[in-house]
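# Understanding the architecture of this molecule
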Protein chains: 2
Amino acid sequence: MRLVIARCSVDYAGRLTAHLPSAPRLILVKADGSVSIHADDRAYKPLNWMSPPCTLKEGGGDGDGAENVWTVVNKGGEKLIITMEEVLHDSSHELGIDPGLIKDGVEAHLQELLADRMETLGEGWSLIRREFPTAIGPVDILGRDRDGVTVAVEIKRRGEIDGVEQLTRYLELLNRDPHLAPVKGVFAAQEIKPQARVLATDRGISCVTLDYNALRGIQDDKLRLF
Amino acid sequence: MRLVIARCSVDYAGRLTAHLPSAPRLILVKADGSVSIHADDRAYKPLNWMSPPCTLKEGGGDGDGAENVWTVVNKGGEKLIITMEEVLHDSSHELGIDPGLIKDGVEAHLQELLADRMETLGEGWSLIRREFPTAIGPVDILGRDRDGVTVAVEIKRRGEIDGVEQLTRYLELLNRDPHLAPVKGVFAAQEIKPQARVLATDRGISCVTLDYNALRGIQDDKLRLF
DNA sequence: CATTCAATCTCGACA
DNA sequence: TGTCGAGGTTGAATG
């Protein structure tokens, strides 16, 4: 990864045409050849970028001696032209390939724990199975209450409206199956937003706030982010 | 803007929970307090990030002496926890506020030029107006052919399928207006992808390849990116 | 402040 | 390879 801080102007011509007037910016050249240009605000989105696979050529390439012009092109014929006016910093660093992001670590764990302790949801409740498959995706937990009524449980770390919508779709589908119907819904999360609670209640879905540490039964400072 | 290259592990807890195992990465701390973590690939998307407004605290904050732990929190209670294991580079740079991106410079210019030279599209063609308003957005150019038939022109720098779809929607709407109907469609671009051309032709929309320099009539090396 | 909608959306899965 | 759908979507514009 190469980090360049430079006063530069930038022209992009591809899916649209765009121009950045001269200003100091960060130019990020990554090992895969991709280039992005960042201002000193906004974490997520670069001002300008070229996605890999692409190639960077320093110098105009026309042999016109414009060595301060960088040209980045990709397969689709998109071009990013960076005119360097003053380089303030330039360093390179070997990072190697990244092991990558592990998502839902805690949510998966919550599901595991809850499946093992269905009595958390109610006395006499039992597990049918985790990740119960349906046509529109797996239901986190399918179980039975003490009366043998089927229960679909949706687990989120933070319970928001879209989670309730998701569970509602599962319930609608599951209730079409005469072998399962009637199916009750339980919305379980470490934290449930008021709006989500109202919507769930309105739809006859019960809400359960989960205590991660209590479920684990032990403390683990490394994972206890809150 | 602060650039830190460090071997680190990262935990995010917010709209979801996610974890990055220990590896060397770039940590970008911007003037607005936002933080993003980049691997050595992918130009656009950070591995992990925290959008502003948010606050960064170096050190665990528990007084536990974990000074190598950075904690970033925002209003919504989202947390990003970076555990620094080995700092390989750390530099700060003053960039100031960015003048920002100017989009569509050339596309807007193309529209201007074409409106002034409707005969480019056909002998005797004339302009009704640019940015002709409709309920679903403005049509780039509305004009008439030599027979007085209304023509809707969609202009793109690169003609792709979505441009044809857009023009199709305009045509459908415009043809419902008895004062205008029948309305013909013209898809004009500096470069038209084969797929887009096929789709347009299939829908009775004619395609025109625009020559920017010919339309301008003069050369301008500064703007001529191709 | 909530809501809607476009984006150089990106990114992964699947046919 | 193209298409489809989700995303910690982000970000701007609007009521």
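What counts as what
Residues numbered from 1 in each chain as written. Chains lettered and ligands numbered in written order. Predicted model: local features only at pLDDT ≥ 70, side-chain atom pairs only at ≥ 80, totals over all residues. Heavy atoms only, no water. Buried < 20%, exposed > 50% of the residue type's maximum accessible area, 1.4 Å probe, protein only. Helix = DSSP H or I, 4+ residues; strand = E, 2+ residues; numbered from the N terminus. Arc of directions from axis to C-beta. Contact = heavy atoms within 4.5 Å. Least-squares fit on C-alpha atoms with pLDDT ≥ 70 in both. Near = heavy atom within 4 Å. Polar contact = N/O pair within 3.5 Å; in protein donor to acceptor, adjacent residues only side chain to side chain. Nonpolar A, V, L, I, M, F, W, Y, C, P; charged D, E, K, R; others polar. pLDDT = per-residue confidence, 0-100.

This brings us to helix α3 (residues 194-202) of chain A. All names here are of chain A. Looking at α3, one finds that the buried residues are A196, L199 and A200. Buried residues of α3, seen end-on, are gathered within an arc of 100° and therefore sit on one face of the element. In α3, the exposed positions that point more than 90 degrees away from the buried face belong to P194, V198, T201 and D202. Elements in contact with the buried residues of α3: β11 (150-159), α2 (161-174), β12 (183-192) and β13 (206-209). Phi turns positive one or two residues past the end of α3, at G204, with a value near 75°.

For the match of chain B to chain A, the screw axis carries a shift of 0.0 Å, the RMSD comes to 0.5 Å, and the turn is 180°. Taken together, the rotation angle and the small translation identify this as a two-fold axis. Using C-alpha coordinates, one finds that chain B approaches the rotation axis most closely at B:K45, a distance of 3.3 Å. A share of 97% of the interface residues of chain B reappears at the interface of chain A, consistent with the copies meeting face to face through the same patch.

Moving on, we come to the protein's contact with DNA strand D. Around DNA strand D, the structure places 13 residues, and the nearest of them are A:K103, B:Y12, B:R15, B:N48 and B:W49. Atoms of DNA strand D within 4 Å of the protein: sugar and phosphate make up 61%, bases the balance. A distance of 3.2 Å is found between a base nitrogen of DNA strand D and a side-chain nitrogen or oxygen belonging to B:Y12. Side-chain polar atom of B:R15 to a phosphate oxygen of DNA strand D: 3.2 Å apart, as the coordinates give it. The dominant element in the surface near DNA strand D, judged by the number of residues it contributes, is strand β4 (residues 48-50) of chain B, at 3 residues. Partitioning the surface near DNA strand D into residue classes produces 5 nonpolar, 2 polar and 6 charged.

Residue and element names in this part refer to chain A. Here chain A shows a mean pLDDT of 89. Residues at 70 or above account for 93%. The secondary structure element of chain A with the lowest average pLDDT is helix α4 (residues 212-216), at 81, and the one with the highest is strand β3 (residues 35-38), at 98. Segment residues 218-224: pLDDT under 50, and 6 contacts once partners within four positions in sequence are set aside and those in other chains are kept.

Turning our attention to the protein's contact with DNA strand C. Close contacts around DNA strand C come from A:Y12, A:R15, A:L16, A:K45, A:N48, A:W49, A:E78, B:R42, B:Y44, B:K45, B:L101 and B:K103, and that covers them all. Among the atoms of DNA strand C lying within 4 Å of the protein, the sugar-phosphate backbone contributes 69%. Within the backbone of A:W49, an N or O atom sits 3.2 Å from a base oxygen of DNA strand C. B:K103 places a side-chain nitrogen or oxygen 2.6 Å from a phosphate oxygen of DNA strand C. The residue makeup of the surface near DNA strand C, split by class, is 5 nonpolar, 1 polar and 6 charged.

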